[in-house]
Amino acid sequence: MNVQLQKWKTEDLERLCLLANEPSIAVNLSDRFPHPYTEASGKAFLSLATSNGPQRMFAIYYNNDLVGGIGLHPQEDIQRLNAEIGYWVGKDYRNLGIVSEAIQLIVEYGFKNMNIDRIFGRTFGRNAASRRVMEKSGFVQEAFFSKTLIKNGIKEDEYIHAIRRKEVAEL
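Owing to the predicted nature of the structure, the values given are computational and were not obtained by experimental measurement.

Asks: Sorry, what's going on with the packing of helix α4 (residues 98–113) against helix α5 (residues 128–136) here?
Replies: Working note: a packed helix pair is described by the angle between its axes plus the distance between those axes. Relative to each other, α4 and α5 sit at 50 degrees, their axes nearing to 9 Å. One finds that α4 runs oblique with respect to α5. For the pair α4 and α5, the sense of crossing is right-handed. Only Val 133, Met 134 and Lys 136 of α5 make contact with α4, whose side of the interface consists of Val 99, Ser 100 and Ile 103. The class makeup of the residues in the contact of α4 with α5 is four nonpolar, one polar and one charged.

Take a look at the structure:
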């Protein structure tokens with residue numbers, strides 16, 4: 001499969017907005033990912049993603065086309081050896097194995113380039129597809145919390161999956 005992670009570029013704005021302005025994406029992400037996804041939303045994100053800090057957010061390319069995004073978000077203080085993974089892919093690119101491959105690439109990147117021992121992801125209880133893709137990528141379920149998240153005014157269940165540095169070495 002031809003999946004690559006690339007640095008975001010300001011030239012990605014139009015395609016980013018086209019892909020990201022899909023309600024089925026925003027409904028499964030934190031409220032920081034807006035809907036509708038406007039040009040202003042895209043510009044604000046690209047400004048952050050292309051800043052001079054350490055590379056943590058990547059565009060997902062499939063067959064040389066931008067199809068989504070993925071990132072690792074380092075935690076702080078007593079959780080500083082952890083990073084949270086976040087990802088999304090355009091609706092026409094789901095169920096093709098793209099996200100599984102992108103997760104594998106960013107996990108390798110994270111453990112190679114960041115001082116972390118654990119990468120974790122949170123999913124809404126209703127998002128079984130995201131849980132499956134994490135499990136397919138070697139993540140294991142660590143926790144389930146009932147009605148701890150709120151999205152669009154509805155209390156949601158939360159699953160936490162994680163992979164640890166030593167587990168990646170064993171794969």
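Asks: What exactly am I supposed to notice about the sheet that holds strand β7 (residues 154–164) here?
Replies: To summarise the sheet geometry, strands pair through backbone hydrogen bonds and adopt either a parallel or an antiparallel arrangement. The mixed open sheet is built from seven strands, whose spatial order is β1-β2-β3-β4-β5-β7-β6. Looking at the sheet topology across the chains shown, the edges are occupied by β1 (3–7) and β6 (140–151). Pairs of neighbouring strands in the sheet enclose a mean axial angle of 30 degrees, with direction left out of account. Judged from the six bridges that link them, strand β2 (residues 57–62) and strand β3 (residues 65–74) form a sheet pairing that is antiparallel. The partner of Phe 58 across the bridge, within β3, is Ile 70. In the packing of helix α1 (residues 13–20) onto the sheet, the strands contacted are β3 and β4 (82–89), and the crossing angle to β3 comes to about 85 degrees.

What counts, and where the lines are drawn
- Residues numbered from 1 in each chain as written.
- Predicted model: local features only at pLDDT ≥ 70, side-chain atom pairs only at ≥ 80, totals over all residues.
- Heavy atoms only, no water.
- Axes fitted to C-alpha atoms, helices over the stretch in contact; angles between N-to-C directions.
- Helix = DSSP H or I, 4+ residues; strand = E, 2+ residues; numbered from the N terminus.
- Parallel < 35°, antiparallel > 145°, perpendicular 65-115°, else oblique.
- Left-handed = near helix turned anticlockwise from the far one by under 90°.
- Contact = heavy atoms within 4.5 Å.
- Nonpolar A, V, L, I, M, F, W, Y, C, P; charged D, E, K, R; others polar.
- Pairing = 2+ DSSP bridges.

Nothing here speaks to function; it is all geometry.
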